[in-house]
Protein chains: 2
Amino acid sequence: MAHPPGMRIALFAVAAAILAAAAPAQAADLAPTAAALRDKALADPTAWAVAESLTTEIGARPQGSPAMDRARDWGVEKLTSLGFVNVHVETFETTSWLRGAESAEIVSPYPQKLQILGLGRSTPTPPGGIEAEVVLFKSLAELMAQPPGSLKGKIAVVTQAMRRTQGIEGYGSGVLPRVIGGSEAAKRGAVAFLVRSVSTDDTRLPHTGGGGATAGIPMAALSTPDADLLERMVTRGQPVRIKLSMDSTFREKAPAYNVVGEIRGREAPDEVVIVGGHLDSWDPGTGAVDDAAGIAITTAAAKLAGAERPRRTIRVVMWGAEEQGGSGDAYAAAHKDEAGKIVVVGESDLGAGEVYNAKLPKGGLGHPAMQAFAAAVTPLKAIVSRQPAAEGGSDTDGLRALGVPVTEFNQDAGRYFDLHHSADDTLDKIDPKELAQNVAVWTAFIYTVADSDIDFRKTAKEAK
Amino acid sequence: MAHPPGMRIALFAVAAAILAAAAPAQAADLAPTAAALRDKALADPTAWAVAESLTTEIGARPQGSPAMDRARDWGVEKLTSLGFVNVHVETFETTSWLRGAESAEIVSPYPQKLQILGLGRSTPTPPGGIEAEVVLFKSLAELMAQPPGSLKGKIAVVTQAMRRTQGIEGYGSGVLPRVIGGSEAAKRGAVAFLVRSVSTDDTRLPHTGGGGATAGIPMAALSTPDADLLERMVTRGQPVRIKLSMDSTFREKAPAYNVVGEIRGREAPDEVVIVGGHLDSWDPGTGAVDDAAGIAITTAAAKLAGAERPRRTIRVVMWGAEEQGGSGDAYAAAHKDEAGKIVVVGESDLGAGEVYNAKLPKGGLGHPAMQAFAAAVTPLKAIVSRQPAAEGGSDTDGLRALGVPVTEFNQDAGRYFDLHHSADDTLDKIDPKELAQNVAVWTAFIYTVADSDIDFRKTAKEAK
C-alpha cells in the first residue's frame, strides 16, 4: 500500500478537478441538467403547438403536391420563429404519385360498394374502369403458390390480416402483401390487385401505402370490413365480379425538399447531432401521427436541448419524401463530405406513443454521457436497451450507409397502425402527455450527446 | 280454522289441477320452458346467420333504392325458408332521399379536404357547388341565439358534441343539432348547414341521418375530426371559406314495403304478438347494427318461441322505412281493425349490445307470465324494470297510438353511436355473444306472452 486511504481520496479529487477543467462535461455534470431538461420538456407546449400548426394549417401533404410546397414554407417559417439558425431548404428530386378519383364496387352476385384507396405507384385503370372476376387468397403465400398465368384476366385479392404488436413487428410482417402482392399478382397475369388494409383497426377507412413499384397494374387497399365482406361472399361459391376505376398521376422526377435548421454548438460547431421527422405525408389524413408527431417531437426537443447552448451543433432535418422514398438518400448524398463529423442521427417516425425502449449506437450505453441519459429517462419508464440500434428510420438509412451512428427509439405502436396511412390520421389521435414523454426522452438524448464528447464510432469499436 | 292443514293442501292441489286444465299455462308452467328456450337461444345460430346474410347479400338498403327492393325479396325468402307462414309484403308509400356525389373542402385560409355526408332531406347545391364563409357555433343554443338574417349568405356550422351514455340518452339530446339545426340556420339566412356528426367515435367517417325536413338548404354532417379542425381554424381569426358540392334525389312518394311472416297460434290465433326490426338502412354502411341486428334478433326469437307452438300467433314485421319514416304509421293504418287483438308490439332497433333493462307495458310485471319472463332473463343480467315502457321504437308508435301495449328493451348502446349511420356499420361490429343474449331475452318474452293469457291492457288498468 503506497498511500494511506485519506491521501488516495485527495488524489482522486485532484484528478477529477483536472479532468473537469480539461475535458467536456461528463456524467456527473450532465445528469442534473438532463433531469431538469426532462422535466421542462414534460411541461413544454412547443411540440403540441407544432403538430397542431402543421395539421391545421397544412394537413395532408403528399410529395409533389401543392400542399407539400406549403409544408416546405411552413417548415422554414416554423424553424425560424423557434430561433433556429441556418434555416434553409435542400432541394432534390424523387418520384411523385398523386391520387385521382377512385371507386370500386361488387357487380355480382350481390352488388355492394367497396371502400378502397389506391396504393402508391399503382397504375390507373383505363378511363371506363375494369371489371373482372375475383380470385381471393387468405394469405400472400397462397397467392405466391399459384403458377404463372393462372390469374390471367382476374382481380387478385389478398385478405391476410396484420397482428397488433407493441412495437413495429406486426407491421414489418403484415406489410408484405401490400408491398409485393401487386407485383406477384401481375406476374401471374392478374389485371388488378386488391389487398386488405395493413391495419389493426376495424373502421371502414382503407389504409394506403406504397405498393409494388414494378407491378404495372392497378393496386388498391380494401378497408378491413370490405375484405371481410369479400371473404364471406366468395365463400358462397358464386363468381364475384368487381368493377374498379382508379385515376392517378405519376412523375418519375418531381421537386422535393428537406428543410433544415440548426442550433450552433458552443465549442465544436462542426460536430453535428442530427434529429428529425418527415414533413411529407400520405394524402387521406392530415399526417398527424405520421409524421407531424415526429417533426414536433424532434423540433421541440432540439429547441429545449439547444437552449443550454451545448458544445456541439444540433441540427433538425424535416425530411421531405419519406413516403415516396428518396429524402434520406438525397440528404446523405448532399452531406457525404460531412458524414465523419455527424455524431449521431435519429428519426422519430412511429407516431406519438411513448418511447418504451431506446436503442443506442453500439457500445454507447457504457459511456458516462449515455449513463446520464439513461438516468434521466428512467422516471419516464423508458428502458435504455442493452441491444444496439439496428436500423433507425427510413430517412437515416443513407447516412447509416456512410457510417454515421444511428439511434432508434422504439415507441408503443399499439394504436399507431389503427391510424397509419388512413383518413383517421388526425390531430385528435395524438395524446399530449404521450407526445411530451417523447419530447422528454429526445431532449435528454440530444443534450447528453451534444454537450459531451461521446464518440459512438469509438464506443462501437471498443464494444467489439 | 275450518279445515286442518293437510286438507288445505289437498284442496289447493285440486284447485291447481282444475286451473291448469281450464286456464292457459301460467307462471309455474311457463318458467321451465322459458328457461329452456333461453338456453337454446344462447346457442342458436339463426340470428347470426340472418345478420350475416342481410349484410353480405344486400348491404346498404336505403328506402327507394334498388337495394331495398332486393332486401324486400330477401325478407320474403328468409321468413319462408325459416318456416314462417302467411309471408307477404305490405306495400305503402313514403319519401325517398338518395345520395348523389358529395364533396367539401376548405378553400381558405388553409386549403384542406373535408369528410362529409349529406343529411337526409338535404337539398342539393347548384351544379357548380356553393362557396361561402363559415360562421361556427359550438352549440345549437348559440346558433339559435342569433337574430333573423344574421347568417345571410353564410355556411352555418354547429360543432356541438354528443355524450356517450349507456342507453339512448346521449343520442336523444345530441341529435338535436342535426335534426333542427338546418332549419334554424336557414331561418337566419344561411345558404348551407354543416353539423358535427352525432357520433361518440373519433374516426374520420361522418355519420348521416335525417336533417330538418323543411330547411330547404344543403345540409351535411362533418366527421368529428373535421369538426375539430374547423374549430381550430376558426380560432385563428381569419375568415374560413368552404366549398360544398352535393347532389341527391328526393321523391315525396316512393314505394315502400313492410315484410311480414307469422307462426300461427295453437289456441287463439287471432291474438297476435308482434315483434320486429327495420329492414331499411342508411346508405354508407351495410346496415348491420342498424338494423340487421334487430331483424336477426326478433326473427330468430320468434322462430325459437314459435317452435313451442304457443297459444297465440307470433308475427314478425320487418318494417321497411324506419330511417325515412312512415313504415310504422303505414302498418298501423293497415291494421287498425285488428289493433284490439294485438297483445303487444316490440321493436329491436338499438344494435346488438346486451339488453340491460327490459321495460314491460304498465302493470305487466305483476302478472305470473311476466314473473316467468323475469326469472328466465335474470341469469342474462337483464333487469326487468319496475318502470313501464315509455315509447317503444319508431315503428311501434303507430300501433301505440291505437292503444296497443308496447315493450321496450333497453340495450347497452355504449358503442352503438360509434357506428350508427356511418360506413362503419358493418357485420364485424356485432358481437355474436351479445347478439345471442338479445335473442334469449326476446325469446323468453315472446314465449311467455304468446303461451299465456296475459292482457297488458288489463294490467295497465289494474296498476292505476
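Everything numeric in this text was worked out from a predicted model, so none of it was measured. (Residues numbered from 1 in each chain as written. Chains lettered and ligands numbered in written order. Predicted model: local features only at pLDDT ≥ 70, side-chain atom pairs only at ≥ 80, totals over all residues.)

Peer 1: I'd like a rundown of the overall build of chain A, residues and numbers included.
Peer 2: Scanning chain A from terminus to terminus reveals 15 helices and 14 strands. Since a compact globule built from 464 residues should have a radius of gyration of about 23 Å, the 25 Å found for chain A is in line with a globular shape. Projecting the C-alpha coordinates of chain A onto the three principal axes gives extents of approximately 95 × 45 × 40 Å. Looking at chain A residue by residue over its 464 residues, the buried ones come to 57%. In chain A, of all internal contacts separated by at least 6 residues, the share reaching a separation of at least 24 is 83%. (Helix = DSSP H or I, 4+ residues; strand = E, 2+ residues; numbered from the N terminus. Rg over C-alpha atoms; globule rule 2.2 N^0.38 Å. Buried ≥ 20, exposed ≤ 12 C-beta atoms within 10 Å, placed from the backbone. Contact = placed C-beta atoms within 7 Å.)

Peer 1: Lay out the packing of helix α11 (residues 368-377) of chain A against helix α14 (residues 432-450) of chain A with the relevant residues and their values.
Peer 2: Residue and element names in this part refer to chain A. Packing of α11 against α14 leaves a shortest axis separation of 9 Å and a crossing angle of 160°. By the criterion of interaxial angle, the relationship of α11 to α14 is roughly antiparallel. Like other packed secondary-structure pairs, α11 and α14 cross with a definite hand, here right-handed. Every residue of α14 that contacts α11 at Ala369, Met370, Ala372, Phe373, Ala376 and Val377 is listed here: Val441, Ala444, Phe445, Thr448 and Val449. (Axes fitted to C-alpha atoms, helices over the stretch in contact; angles between N-to-C directions. Parallel < 35°, antiparallel > 145°, perpendicular 65-115°, else oblique. Left-handed = near helix turned anticlockwise from the far one by under 90°.)

Peer 1: Give me the environment of B:Gly149: which residues, what numbers.
Peer 2: All names here are of chain B. As for its position among the elements, glycine 149 is in the loop between α5 (140-144) and β5 (155-158). Note: C-alpha distance between glycine 149 and lysine 187 (38 residues apart in sequence) is 7.5 Å. Residue contacts for glycine 149: discarding those within four places in its chain leaves Arg188 and Gly189.

Peer 1: Go over the domain arrangement of chain A, please, and point to the residues and values.
Peer 2: All names here are of chain A. Here the domain parsing of chain A yields domain 1 (25-95 + 253-462) and domain 2 (110-239). Computed over C-alpha atoms only, the centres of domain 1 and domain 2 are separated by 34 Å. Tallying the contact residues gives 14 residues for domain 1 and 17 residues for domain 2. Here the residues of the side of domain 1 that touches domain 2 are counted per class, giving six nonpolar, five polar and three charged. (Domains from an automatic or database assignment. Nonpolar A, V, L, I, M, F, W, Y, C, P; charged D, E, K, R; others polar.)

Peer 1: How would you sum up the sheet that holds strand β13 (residues 383-384) of chain A? Please name residues and give values.
Peer 2: Residues and elements named next belong to chain A. Strands sit in the order β13-β12-β14 across an open sheet of three strands; the sheet is mixed. Each having just a single partner strand, β13 and β14 (408-411) make up the two edges of the open sheet. For strand β12 (residues 355-359) and β14, the ladder comprises four bridges, and the chain directions are antiparallel. Its bridge partner lying in β14, alanine 358 is registered against phenylalanine 409. (Pairing = 2+ DSSP bridges.)

Peer 1: Can you explain the interface of chain A and chain B? Please cite residues and give values.
Peer 2: Contacts between the two partners involve 21 residues from chain A and, on the opposite side, 21 residues from chain B. Put simply, the parts of the chain that give the side of chain A that touches chain B at least two residues each are α3 (46-57) and α8 (224-235) of chain A. The element contributing the most residues to the side of chain A that touches chain B is α8(A), with five residues. Along the lines of polarity and charge, the residues of the side of chain A that touches chain B split into seven nonpolar, six polar and eight charged.

Peer 1: Tell me about helix α4 (residues 66-81) of chain B, residues and numbers included.
Peer 2: Taking 1.5 Å of rise per residue, the 16 residues of α4(B) would be expected to cover 22 Å, and the 23 Å separating its terminal C-alpha atoms lies within 8% of that figure. B:Gly83 occupies a position one or two residues after α4(B) and carries a positive phi of about 95°. (Expected span 1.5 Å × (residues − 1).)

Peer 1: How would you sum up the relation of the copies chain A and chain B? Please name residues and give values.
Peer 2: Superposition of chain A onto chain B requires a rotation of 180° combined with a translation of 0.0 Å along the rotation axis, giving an RMSD of 0.0 Å. The two molecules are tied by a two-fold rotation axis, judged by turn and shift. (Least-squares fit on C-alpha atoms with pLDDT ≥ 70 in both.)

Peer 1: Which residues make up the environment of B:Thr224, and what values do they have?
Peer 2: Mapped onto the fold, B:Thr224 is located in helix α8 (residues 224-235). Considering only alpha carbons, one finds B:Thr224 and B:Gly353, 129 residues apart in sequence, at a separation of 23 Å.

Peer 1: Could you give me a rundown of the pairing of strand β6 (residues 192-196) of chain A, with the residues and numbers involved?
Peer 2: All names here are of chain A. Of all five residues in β6, five are buried, a share of seventy percent or more. Going residue by residue along β6, you find Ala192, Leu194 and Arg196 tucked away on one face and Phe193 and Val195 tucked away on the opposite face as well. Here strand β5 (residues 155-158) runs beside β6; their pairing, made up of four bridges, is parallel. Counted as the bridge partner of valine 158 is valine 195 from β6. In the sheet, β6 pairs with strand β7 (residues 219-222) via four bridges, with the strands oriented parallel. Residue pairing in the sheet places valine 195 in a bridge with alanine 221 of β7.

Peer 1: Quick one: what's the story with the packing of helix α3 (residues 46-57) of chain B against helix α9 (residues 288-306) of chain B, residue by residue and with numbers?
Peer 2: Residues and elements named next belong to chain B. One way to put it is that α3 packs onto α9 with a least axis distance of 8 Å and a crossing angle of 140°. Overall, the two elements α3 and α9 adopt an arrangement that is oblique. In the packing of α3 onto α9, the handedness of the crossing is right-handed. Every residue of α9 that contacts α3 at Thr46, Ala47, Val50, Ala51, Leu54 and Thr55 is listed here: Ala288, Ala292, Ala293, Ile295, Ala296, Ile297, Thr299, Ala300 and Lys303.

Peer 1: Hey, could you go over the nonpolar core for me, with residue numbers and the actual values?
Peer 2: Counting 136 residues, the largest nonpolar core has B:Ala301, B:Phe373, B:Val441 and B:Ile446 as its most contacted members. Those residues in contact with B:Val441 that sit more than four places away from it in its chain are B:Val355, B:Ala358, B:Val377, B:Leu380, B:Ala382 and B:Phe409. Counting 97 residues, the second largest nonpolar core, distinct from the first, contains A:Ala60, A:Ala352, A:Ala382 and A:Leu427. (Core = buried A, V, L, I, M, F, W, Y, C linked by C-beta atoms within 7 Å.)

Peer 1: Go over the sheet that holds strand β14 (residues 408-411) of chain B with me, naming the residues and quoting the values.
Peer 2: Taken together, three strands build an open sheet; the order of strands is β13-β12-β14 (chain B) and the sheet is mixed. The outermost strands of the open sheet, each flanked by one partner alone, are β13 (383-384) and β14 of chain B.

Peer 1: Pulling in residues and values, what's your account of the pairing of strand β11 (residues 342-347) of chain B?
Peer 2: All names here are of chain B. The element β11 is largely enclosed, with a buried count of six among its six residues. Pairing of strand β9 (residues 268-278) with β11, which is carried by five bridges, proceeds in the parallel orientation. Residue pairing across strands places valine 272 opposite isoleucine 342, the latter belonging to β11.

Peer 1: I'd love a proper account of the confidence of the model for chain A, names of residues and values included.
Peer 2: Looking at chain A, the pLDDT average stands at 94 and 94% of residues meet or exceed 70. Our summary of model confidence lists the complex with pTM equal to 0.91 and ipTM equal to 0.89. (pLDDT = per-residue confidence, 0-100.)

Peer 1: Outline unusual backbone geometry, listing residues and values.
Peer 2: A:Asp291 follows A:Asp290 through a cis peptide bond whose omega is 10°. Its location among the elements puts A:Asp291 in helix α9 (residues 288-306). The residue A:His421 is not glycine, and still its phi comes out positive at about 65°. With respect to the element layout, A:His421 can be found in the loop between α13 (416-419) and α14. You will see that B:Lys381, though not glycine, has its phi angle at about 60°, which is positive. The residue B:Lys381 is located in the loop between α11 (368-377) and β13 in this model. Here B:Lys381 falls in the exposed class, since 10 other C-beta atoms lie within 10 Å of it.

Peer 1: Requested: an account of α11(A), with residues and values cited.
Peer 2: Buried residues dominate α11(A), accounting for seven of its 10 residues. Among the residues making up α11(A), those that are buried are A:Ala369, A:Met370, A:Ala372, A:Phe373, A:Ala374, A:Ala376 and A:Val377.

Peer 1: Outline the environment of A:Glu231, listing residues and values.
Peer 2: All names here are of chain A. Its location among the elements puts glutamate 231 in helix α8. As for glutamate 231 and alanine 321, which are separated by 90 residues in sequence, their C-alpha atoms are 35 Å apart. With residues near it in sequence (within four places) discarded, glutamate 231 still touches Leu136 and Thr159.

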